[in-house]
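Structural overview for review
Here is how the chains run, residue by residue.
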Amino acid sequence: MSTSAQRREYGTGSIYQRADGKWIGSFPAGHTRSGKRRRLTVVADTEQQARSRMRSKMREVAGGKAPGDPTTVAGWSKTYLAEHALRNRNSTTKNVNWAIGYVVEAIGEVKLAKLRPADFRRVHEFGAKKGLSPSSVLRLHDRLKAMLKAAVLEGLEIPPAALIVQGPPVPTNDRIAIPIDTVGRIFEASKRESHDARAIVLLGFLAGLRRGEMSGLTWDRIDLDRGVLVIDRQLTRFGWSHGCDDTCGRTPRSCPKRWVAAPTHLGYEVIPRSSLVLGPVKTARGRREVPIVDELAEHLLKMQAADRPSSWDGVPRFVLLTAIGGPMGQHSLDVLWKQVLQRAETKHPSGRSWNTHEMRHTFVTELMRTNTHSSIIETMVGHAEERSTRGYIHPSSIDARSAADRVASGFFQR
Ligand SMILES: [Zn+2]
């Protein structure tokens, strides 16, 4: 740090002198409810003063109602979260910290050995009161249960009833296929939006791509001669991590040495100047080929001819680009999709927006409606289910192509 004197370590905290001469003590103190690491700081005129203030503040935190007793929910959560962070991806850890943060706030003081189903209900009610959706409340429930199972493995005593409590009810998934005439309106509307917006619509309805697969699609994966898209990667956003051993006292995102903790040894590629990561797709087999139907080919050729320069050096040439020439994350993709929907004046029957995954859902539904064999559907959309049929049936690409054509024919009434 250029503005401060040499940093000194004391226990788990650190002390340094700020440019204005003040001494700052800073130490980690658990996590905030949103899963971010919390740091507390003290300010003093001398180094010694800063040290003693920091020490007493540390004692205060440890001895207060903050987690200290390892036999309470809050106490065990500290061990559990630390263990979890060692073994999992940053983004997963963030989710777990988020959920357990709520749990601790709701029932942190409860002794593990005294947990009752009523305590789970308190968590549900707390989540609902904080405005979480039913499915988010269910996530709190599931994380709490996972944390208690880990406690059992650790040899801690948990009442059996607490391990089998049912989750709160969640309304059934209202995801449906988009009706064909609506799809027609969406196609029409997309003609009057940007190249990228139209590409999103075509890739969703005619090739069934997941959102991350669209974002991660690069020109070298498009084989117009053979007429196939090779889908083997997806672009996702990872969280930022500290590159400073967590001593900068800021959030990971504003850490001066921030970096993206992606498992590059597993083939993940970090996109420079962003927290976007290009990684393998989610399917068991990891790679599939999807036929390119005429309407999609035509549009891809148009985009190729436009040959927009990417302002990102040293990254793969992405098909979808943001206004400033960078790869398109999920958020920007959703913005374009919603613009098309607005122009088409269509909404899900419940009044919400259609989501991008419903294009994929529609594609699969149309494949089924046109009597496409499930094994062909599976190779086209990359489902991980029905793996057992794979060893026996080898659907030819001709079958896949005619299936994709049947779907397109329905949409375009050709
Ligand atoms: Zn940092």
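Residues numbered from 1 in each chain as written. Predicted model: local features only at pLDDT ≥ 70, side-chain atom pairs only at ≥ 80, totals over all residues.

In the nomenclature of an unreviewed UniProt entry, the chain corresponds to Integrase from the organism Brachybacterium sacelli. We quote the UniProt Sequence similarities (unreviewed entry) comment for the chain here in full: "Belongs to the 'phage' integrase family." (UniProt positions renumbered as here; feature names shortened; annotations may be inferred.)

1. Focus on the overall build of the chain
Secondary structure summary: the chain contains 14 helices and 12 strands in total. Looking at the chain as a whole, 33% of its 414 residues are labelled buried. In the chain, once contacts between residues fewer than 6 apart in sequence are set aside, the share between residues at least 24 apart is 58%. (Helix = DSSP H or I, 4+ residues; strand = E, 2+ residues; numbered from the N terminus. Buried ≥ 20, exposed ≤ 12 C-beta atoms within 10 Å, placed from the backbone. Contact = placed C-beta atoms within 7 Å.)

2. A word on the sheet that holds strand 7 (residues 233–237)
With antiparallel pairing, the 3 strands of this open sheet are ordered in space as 7-11-10. Looking at strand neighbours, the two that pair on one side only are strand 7 and strand 10 (269–270), the edges of this open sheet. (Pairing = 2+ DSSP bridges.)

3. Concerning the pairing of strand 6 (residues 228–231)
Within a regular strand, the side chains alternate between the two sheet faces. Every second residue of strand 6 is oriented toward a common face, the buried set being L229 and I231 and the non-buried set V228 and V230. Counted between consecutive antiparallel strands, the loop separating strand 5 (residues 222–223) from strand 6 contains 4 residues, among which G227 sits at a positive phi close to 70°. Pairing of strand 6 with strand 12 (residues 288–291), which is carried by 4 bridges, proceeds in the antiparallel orientation. Looking across to strand 12, one finds that V228 is bridged to P291.

4. A short note on the nonpolar core
Nonpolar side chains tend to gather and get buried jointly when the protein is soluble and globular. Of all hydrophobic cores here, the largest spans 47 residues; its most connected members are I200, F205, L206, L320 and V340. For this core, the secondary-structure elements that each account for two or more residues are helix 7 (180–191), helix 8 (195–207), strand 6, helix 10 (294–306), helix 11 (330–344), helix 12 (357–369), helix 13 (374–381) and helix 14 (397–412). With residues up to four places along the chain from it excluded, the contact list for V340 reads I186, A189, S190, E193, A197 and V201. Listed in part, the 25 residues of the second largest apolar core include L81, L112, L140 and A162. (Core = buried A, V, L, I, M, F, W, Y, C linked by C-beta atoms within 7 Å.)

5. Re the sheet that holds strand 12
Across the sheet, 3 strands lie side by side as 5-6-12; this open sheet has antiparallel pairing. Edge strands, defined here as strands with exactly one partner in the open sheet, are strand 5 and strand 12.

6. Notes on the packing of helix 7 against helix 11
Two elements in contact, helix 7 and helix 11, have axes whose closest approach is 8 Å; the angle formed by their N-to-C orientations is 110°. On the basis of their axis angle, the class for helix 7 and helix 11 is roughly perpendicular. Two packed elements cross with a definite hand, and for helix 7 against helix 11 that hand is right-handed. In this structure, helix 7 uses R185, I186, A189 and S190 to contact helix 11, whose residues at the interface are V340, L341, R343 and A344. Grouping the constituent residues of the contact of helix 7 with helix 11 by class yields 5 nonpolar, 1 polar and 2 charged. (Axes fitted to C-alpha atoms, helices over the stretch in contact; angles between N-to-C directions. Parallel < 35°, antiparallel > 145°, perpendicular 65-115°, else oblique. Left-handed = near helix turned anticlockwise from the far one by under 90°. Nonpolar A, V, L, I, M, F, W, Y, C, P; charged D, E, K, R; others polar.)

7. Remarks on the confidence of the model for the chain
Close reading of the predicted structure is inappropriate where its pLDDT is low. When pLDDT is averaged along the chain, the result is 85, and 88% of the positions lie at 70 or above. Element-level mean pLDDT values for the chain span from 60 in strand 1 (residues 8–10) up to 97 in helix 8. Note on residues 1–5: pLDDT under 50 across the span, and 9 contacts to partners over four residues away in sequence or across chains. Between residues 385–394, whose pLDDT stays under 50, and residues either more than four places distant or in other chains, the model counts 5 contacts. (pLDDT = per-residue confidence, 0-100.)

8. Side note on helix 5 (residues 134–153)
Taking 1.5 Å of rise per residue, the 20 residues of helix 5 would be expected to cover 28 Å, and the 29 Å separating its terminal C-alpha atoms lies within 8% of that figure. Regarding helix 5, the residues found buried are V137, L140, H141, R143, L144, M147, L148 and A151. The buried side chains of helix 5 occupy one side of the element, clustering within an arc of 165° when seen end-on. Turned more than 90 degrees off the buried face of helix 5, the exposed positions are S135, D142, K149 and L153. At the exit of helix 5 stands G155, carrying a positive phi of roughly 95°. (Expected span 1.5 Å × (residues − 1). Arc of directions from axis to C-beta.)

9. Quick notes on the packing of helix 4 (residues 117–129) against helix 5
Look at helix 4 against helix 5: their axes get within 9 Å of each other, and the N-to-C directions meet at 145°. In the crossing of helix 4 with helix 5, the sense of the turn from one axis to the other is right-handed. Here F120, V123, H124, G127 and A128 of helix 4 come into contact with helix 5, specifically with S136, V137, L140, H141 and L144. Its residues assigned to classes, the contact of helix 4 with helix 5 shows 6 nonpolar, 4 polar and no charged.

10. Side note on the pairing of strand 7
Of all 5 residues that make up strand 7, 4 are buried, and the element is covered over most of its length. Examined bridge by bridge, strand 7 and strand 11 (residues 276–280) share 5 bridges and lie antiparallel to one another. The residue of strand 11 that forms the bridge with Q234 is G279.

11. Overview of unusual backbone geometry
The bulk of non-glycine residues show a negative phi, and the bulk of peptide bonds are trans. Its identity as a non-glycine residue notwithstanding, R273 has a phi of 60°, on the positive side. Looking at the secondary structure, you find R273 in the loop between strand 10 and strand 11. A residue is classified by how many C-beta atoms lie within 10 Å of it, and R273, with 10 of them, is exposed. Even without being glycine, N371 reaches a positive phi, approximately 60°. Following the sequence through the fold, N371 ends up in the loop between helix 12 and helix 13.

12. Describing the environment of A199
Here A199 lies in helix 8. For the pair A199 and L320, spaced 121 residues apart in the sequence, the C-alpha separation amounts to 7.9 Å. Those residues in contact with A199 that sit more than four places away from it in its chain are H299, M303, V319 and L320.

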